[in-house]
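# Fold and geometry: a report
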Amino acid sequence: MPSTMEHVMALSVTIGPRGSTTEAERAAADYAAEVFRALGLTPHVEPFVSATSAWRPYAIATGGMLLMVPLFFLGGRWIAALGTFLLILCTVLELTFTPNPLRLLVPKGRSQNVYAVLPPAGPVRERVILCGHLDTHRTPWAFSSLRALALYRTLVTLGLPGALGMGALFGIGAWTGDPRWGWPALLPALLLAAVFAMAVQADLTPYTHGANDNATGAGMVLALAERLRWEPLRHTEVWALCTGCEEVGAYGAAAFVRRHRDLGRPIFIVLDTVGGPGSGPCVLVQETMLVPLRSDPELLALAEEVARSYPELGAYRWPNFRGAYTDGAPAVRAGWRVLTLVNLRPDGVLPYWHQPSDVYENVDPGVVARTEAFVWQLLQAIDRQAIARG
């Protein structure tokens with residue numbers, strides 16, 4: 001059976017760019033299902049409906065806020081104020097992966113999750129879900145360089161308070177009947193115009209080949225499924241899960257969590273972008289899109305123990321993955337026990353993130369091998385705890 005790197009080649013080279021809800025993403029799901037069948041496992045394919053863009057909701061929100069400016073000066077002051085605050089609320093809900101009216105306006109498509117269950121050798125005392133997403137992102141200008149990314153993050157960070165300020169100025173103008181309150185609102189409007197332009201530009205760019213993000217994570221899930229097929233854990237059942245549509249708001253993971261709430265509180269281990277040069281097995285303490293979502297403290301402690309026991313693997317923690325999300329976000333919100341690996345370099349850079357250079361040749365096989373070894377040892381540690389609980 002193929003190794004992780006062979007799966008990376010199949011996904012990123014043979015299939016290529018795998019935009020959310022596209023035929024190529026479906027081909028990747030078919031590939032994962034075929035790998036499971038070849039192992040004698042039963043692949044479960046679960047379709048769902050997803051947005052086709054991560055950027056469109058924010059383009060709609062900021063574009064709508066910009067339309068409130070002329071509306072204010074044309075006399076619709078209360079509409080401008082209330083409309084701005086409504087769009088701010090929708091943006092906050094979108095940033096926290098919560099259904100909101102913006103999603104009614106975003107184009108939709110069909111996608112799918114694929115998983116197989118690896119039973120343990122003995123009775124099930126613990127359940128682990130290994131998750132890696134199959135889809136790839138676009139190549140926005142905002143991610144074209146570290147400087148562009150820093151500018152984008154600054155604009156986004158300032159954008160929400162700027163919008164709140166604009167709404168407040170519109171509200172004062174509506175309350176007093178004085179249109180002059182609209183003039184200071186032009187400053188945050190310029191900020192929102194820059195965010196709007198970046199969001200529109202992003203959707204005009206091609207998809208990446210997604211070798212590191214995230215053929216490495218999905219490929220590792222498939223490779224570990226093979227090993228677990230022949231070397232099952234003693235009392236830990238493992239679900240090997242390849243999700244769709246992570247790149248547009250973790251729709252696949254959210255659909256999986258909704259469908260499998262009967263699992264209770266399983267361990268959910270996310271493998272995302274785990275092969276960049278100069279990185280190593282990197283465990284996130286938390287990720288923060290708008291609000292912090294923290295990994296499970298007990299799993300963090302267990303990962304730390306594994307890192308100490310196998311120093312040659314070079315594993316380390318990263319305190320906060322800011323301005324980003326993973327498939328772990330819906331699982332944390334559902335109360336599942338989550339641990340996420342995203343291999344940022346020690347300087348905080350995620351190699352080739354959403355760039356045309358995210359190709360097979362730029363994946364480091366050594367980093368992939370060390371990360372896979374770390375995850376394997378983590379699974380053994382989880383299983384030992386399950387045995388100890390008896």
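Just so you know, these numbers come straight off a predicted model, no measurement behind them.

Take the sheet that holds strand β1 (residues 44-51) next. Taken in spatial order, the 8 strands line up as β1-β2-β4-β3-β5-β11-β6-β9 in an open sheet, and their pairing is mixed. Each edge of the sheet is formed by a strand with only one pairing partner; in this case those strands are β1 and β9 (316-318). Averaged over all pairs of adjacent strands, the angle between their axes in this sheet comes to 25°, without regard to strand direction. With 2 bridges joining them, strand β6 (residues 282-284) and strand β11 (residues 337-342) adopt antiparallel strand pairing. Among the inter-strand pairings, Val 283 is bridged to a residue of β11, identified as Leu 341. Contacts between helix α9 (residues 251-259) and the sheet are confined to β1, β2 (108-118), β3 (126-133), β4 (236-243) and β5 (267-272), with β1 contributing the most and set at about 125° to the helix.

Let's shift gears to the nonpolar core. Ile 269, Leu 341 and Leu 379 are the most contacted members of the largest nonpolar core, which has 54 residues in total. For this core, the leading source of residues is helix α8 (residues 211-230), giving 9 residues. In contact with Leu 379, other than residues within four places in its own chain, are Val 128, Leu 130, Leu 228, Leu 233 and Ile 269. Within the second largest apolar cluster, 34 residues are counted, among which are Phe 48, Ala 202, Ala 255 and Leu 293.

Right, let's get into the packing of aromatic side chains. Taken as a whole and judged by the stated rule, the model has 15 aromatic pairs. The interplanar angle of 50° and the centroid separation of 5.6 Å between the aromatic rings of Trp 55 and Tyr 152 together place this pair among those described as tilted. Taken together, the residues span a long stretch of sequence, with Trp 55 in the loop between β1 and α3 (56-73) and Tyr 152 in helix α6 (residues 146-176) at a distance of 97 residues. Of the residues examined, Trp 55 reaches a relative accessible area of 7% and is grouped as buried. Ring plane angle 45° and centroid distance 6.1 Å describe the contact between Phe 143 and Tyr 152, whose orientation is recorded as tilted. Like Tyr 152, Phe 143 is buried. Joined through ring pairs, the aromatic side chains of Trp 55, Phe 143, Tyr 152, Phe 321 and Trp 353 make up one cluster. The cationic tip of Arg 138 hangs over the ring face of Tyr 207; the distance from NZ or CZ to the ring centre is 4.2 Å. The cationic tip of Arg 227 hangs over the ring face of Trp 376; the distance from NZ or CZ to the ring centre is 3.9 Å.

The next point concerns the sheet that holds strand β7 (residues 286-288). Spatially, β8-β7-β10 is the arrangement adopted by the 3 strands of the open sheet, whose pairing is mixed. For this open sheet the edge positions go to β8 (292-294) and β10 (321-322), each flanked by a neighbour on one side alone. Across 3 bridges, β7 lies against β8 in antiparallel orientation. Bridge pairing links Gln 286 to Arg 294 in β8.

Cut-offs and rules
The numbering scheme is per chain: residues are counted from 1 as the chain's sequence reads. Given that this is a predicted model, residues contribute local features only at a pLDDT of at least 70 and side-chain atom pairs are listed and counted only at 80 or more, while totals for whole chains, interfaces and linings are drawn from all residues. Only hydrogens and water are removed before side-chain values are computed, so all heavy atoms of the structure are retained for them. Strand pairing is defined by DSSP finding a minimum of two bridges between the two strands. Helix and strand assignments follow DSSP, with helices taken as H or I runs no shorter than four residues and strands as E runs no shorter than two, numbered in order from the N terminus. Comment: axis = line fitted to C-alpha atoms, over the contacting stretch for helices; angle = value between 0 and 180 degrees taken between N-to-C directions. Residues are treated as being in contact if the distance between any of their heavy atoms lies within 4.5 Å. What we call a nonpolar core is a set of buried Ala, Val, Leu, Ile, Met, Phe, Trp, Tyr and Cys residues that are connected through their side-chain atoms within 4.5 Å. Accessible area is worked out with a 1.4 Å probe on protein chains only. A residue is then buried under 20% of its type maximum, exposed over 50%, and partly exposed in between. Only rings of Phe, Tyr and Trp enter the pairing, Trp through its six-membered ring, and a pair is recorded when the two centres are within 6.5 Å. The plane angle decides the type: under 30 degrees is stacked, over 60 is edge-to-face, the rest tilted. Distance and angle both matter: a charge sits over a ring if NZ of Lys or CZ of Arg is within 6 Å of the ring centre and within 35 degrees of the ring normal.

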